[in-house]
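Coordinate analysis (summary)
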Amino acid sequence: MIELKNIRKIYEANKFDRVTALDNINLTVQEGELIVLKGASGSGKSTILSLIAALSKPTSGEVIVDAKQISKLSDNFSSVYRRDNIGFIFQKYNLIPTLSVKDNILLPLVSLNPHAKEVEEKIQSVMKRFHIEHKENAIVRNLSGGEQQRVAIARAYVNNPKIIIADEPTANLDEKLSHHFIDILRELKALNKTIIIATHDPLFFGLDFVDRELEIHKGKIVL
Ligand SMILES: Nc1ncnc2c1ncn2[C@@H]1O[C@H](COP(=O)(O)OP(=O)(O)OP(=O)(O)O)[C@@H](O)[C@H]1O
Ligand SMILES: [Mg+2]
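In the neighbourhood of ligand 1, 13 residues make up the surrounding shell, with Ser41, Gly42, Lys45, Ser46 and Thr47 lying closest. Contact between ligand 1 and Ser41: an oxygen atom at 2.6 Å from a side-chain N or O atom of the residue. In the model, an oxygen atom of ligand 1 is placed 3.2 Å from a nitrogen or oxygen of the His200 side chain. Here ligand 1 has 640 Å² of accessible area as a free molecule, and 61% of this is covered by the chains. Sorting the residues of the shell around ligand 1 by element identifies strand E2 (17-29) and helix H1 (45-52) as the ones contributing at least two each. A per-element tally of the shell around ligand 1 places H1 first, with 3 residues. When its residues are assigned to classes, the shell around ligand 1 shows 4 nonpolar, 7 polar and 2 charged.

So, in structure tokens, the structure goes:
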């Protein structure tokens with residue numbers, strides 16, 4: 001279970017330049033729930049995702065995941081938390097363009113021995129699941145947008161995380177690939193993953209397997 005309690009996030013470039021990105025957010029997400037966060041550009045969606053992934057800390061309030069205070073973790077423990085719990089699919093995929101498909105998927109597992117049989121098996125299995133195994137040794141820079149996205153999904157999934165977070169996952173995809181991504185989501189939901197998606201894309205609205213759609217407006221949940 002994920003709990004955001006009285007979250008405020010203020011970005012402060014200097015004394016005169018403060019942005020209240022989140023203003024008293026309260027949100028509970030149950031295990032296995034799929035939530036879509038909607039809202040205008042700048043409303044605070046990505047900020048919510050980064051707090052849940054422990055990529056940033058709230059100015060005040062608490063982020064609690066499975067009864068653990070994520071918002072109080074040191075940087076080291078934050079990375080351990082991410083490795084063990086979170087699969088993050090970024091809008092621009094955040095892949096390393098000069099590495100192969102396989103090496104990009106290996107990244108979340110770097111703390112394990114890359115030559116171990118178990119690691120190799122995990123990678124082969126996610127490449128198959130997301131239909132990218134034929135590009136195993138291709139350099140990511142040379143892949144199409146849809147292929148890169150499948151690598152990003154495979155990488156987010158390789159640790160078998162309980163929580164999957166996607167920030168504008170279809171922003172760079174055409175309609176066919178967007179539908180394909182939605183099929184993958186349906187599959188992940190059936191695996192009882194907790195999924196949180198930030199998006200403007202109307203394709204995500206009104207889907208039968210989405211549990212809740214929340215509207216964010218100027219740092220507050222309005223719906
Ligand atoms: N690192 C930062 N420093 C200063 N301000 C920031 C920072 N990150 C975000 N903001 C501001 O916080 C507010 C919320 O940003 P956020 O990225 O969460 O919005 P969003 O809903 O994800 O928008 P979009 O739909 O465009 O991705 C915006 O006003 C943004 O300019
Ligand atoms: Mg955003």
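Once that is clear, we can look at the nonpolar core. In this structure, Val101, Ile105, Ile123, Phe130, Phe181 and Phe204 are the most contacted members of the largest nonpolar core, which totals 38 residues. Elements supplying a minimum of two residues to this core: strand E3 (34-38), helix H3 (101-106), helix H4 (117-129), helix H5 (145-157), strand E7 (163-167), helix H6 (175-190) and strand E8 (194-198). Sort the elements by how many residues they give to this core and H5 lands first, with 6 residues. Among residues more than four places away in sequence, those in contact with Phe204 are Val36, Pro169, Thr170, Phe181, Ile182, Leu185, Ile197, Thr199, Val210 and Glu213.

Before going further, it helps to examine H4. Between its terminal C-alpha atoms H4 stretches 18 Å, which fits the 18 Å expected from 13 residues at 1.5 Å a residue. Within the span of H4, buried status applies to Val119, Ile123, Val126 and Met127. Within H4, the buried residues cover an arc of 105° as seen down the axis, which keeps them to one side. Exposed positions of H4 whose direction lies more than 90 degrees from the buried face are Lys117 and Lys128. In this fold, the buried residues of H4 make contact with H3 and H5. Looking one or two residues beyond H4, the residue adopting positive phi is His131, at roughly 55°.

So, on to the packing of aromatic side chains. Per the stated rule, a full pass over the model turns up 3 aromatic pairs. A ring pair is formed by Phe88 and Phe90, whose centres lie 4.2 Å apart and whose planes are at 10°; its orientation type is stacked. Judged by relative accessible area, which is 25%, Phe90 ranks as partly exposed. Ring geometry for Phe181 versus Phe204: centroids 6.3 Å apart, planes at 65°, classification edge-to-face. Of this pair, Phe181 sits in helix H6 while Phe204 sits in the loop between E8 and strand E9 (212-217); the two residues are 23 residues apart in sequence, bridging distant segments of the chain. Each member of the pair Phe181 and Phe204 is classed as buried. Here the guanidinium or amino end of Lys38 rests over the ring plane of Phe205, the centre of that ring lying 4.5 Å away.

Taken in spatial order, the 4 strands of this open sheet run E2-E1-E4-E5, and their pairing is antiparallel. Looking at the sheet topology across the chains shown, the edges are occupied by E2 and strand E5 (68-69). For strand E1 (residues 2-14) and strand E4 (residues 60-65), the ladder comprises 5 bridges, and the chain directions are antiparallel. By the bridge assignment, Lys5 is partnered in E4 with Glu62.

Right, let's talk about H6 for a bit. Relative to the 22 Å expected for 16 residues at 1.5 Å per residue, H6 spans 23 Å between its end C-alpha atoms, a close match to the ideal helical length. Between the side-chain oxygen at the start of H6 and the backbone nitrogen of Lys176 there is a gap of 3.2 Å, and the oxygen is on Asp174. After H6 finishes, the residue Asn192 shows a positive phi value of roughly 65°.

Reading guide: rules and limits
Residues numbered from 1 in each chain as written. Chains lettered and ligands numbered in written order. Predicted model: local features only at pLDDT ≥ 70, side-chain atom pairs only at ≥ 80, totals over all residues. Heavy atoms only, no water. Near = heavy atom within 4 Å. Polar contact = N/O pair within 3.5 Å; in protein donor to acceptor, adjacent residues only side chain to side chain. Areas by Shrake-Rupley, 256 points an atom, 1.4 Å probe, with all protein chains shown as cover. Helix = DSSP H or I, 4+ residues; strand = E, 2+ residues; numbered from the N terminus. Nonpolar A, V, L, I, M, F, W, Y, C, P; charged D, E, K, R; others polar. Core = buried A, V, L, I, M, F, W, Y, C linked by side-chain atoms within 4.5 Å. Buried < 20%, exposed > 50% of the residue type's maximum accessible area, 1.4 Å probe, protein only. Contact = heavy atoms within 4.5 Å. Expected span 1.5 Å × (residues − 1). Arc of directions from axis to C-beta. Phe/Tyr/Trp six-rings, centres within 6.5 Å; stacked < 30°, edge-to-face > 60°. Lys NZ or Arg CZ within 6 Å of the ring centre and 35° of its normal. Pairing = 2+ DSSP bridges.

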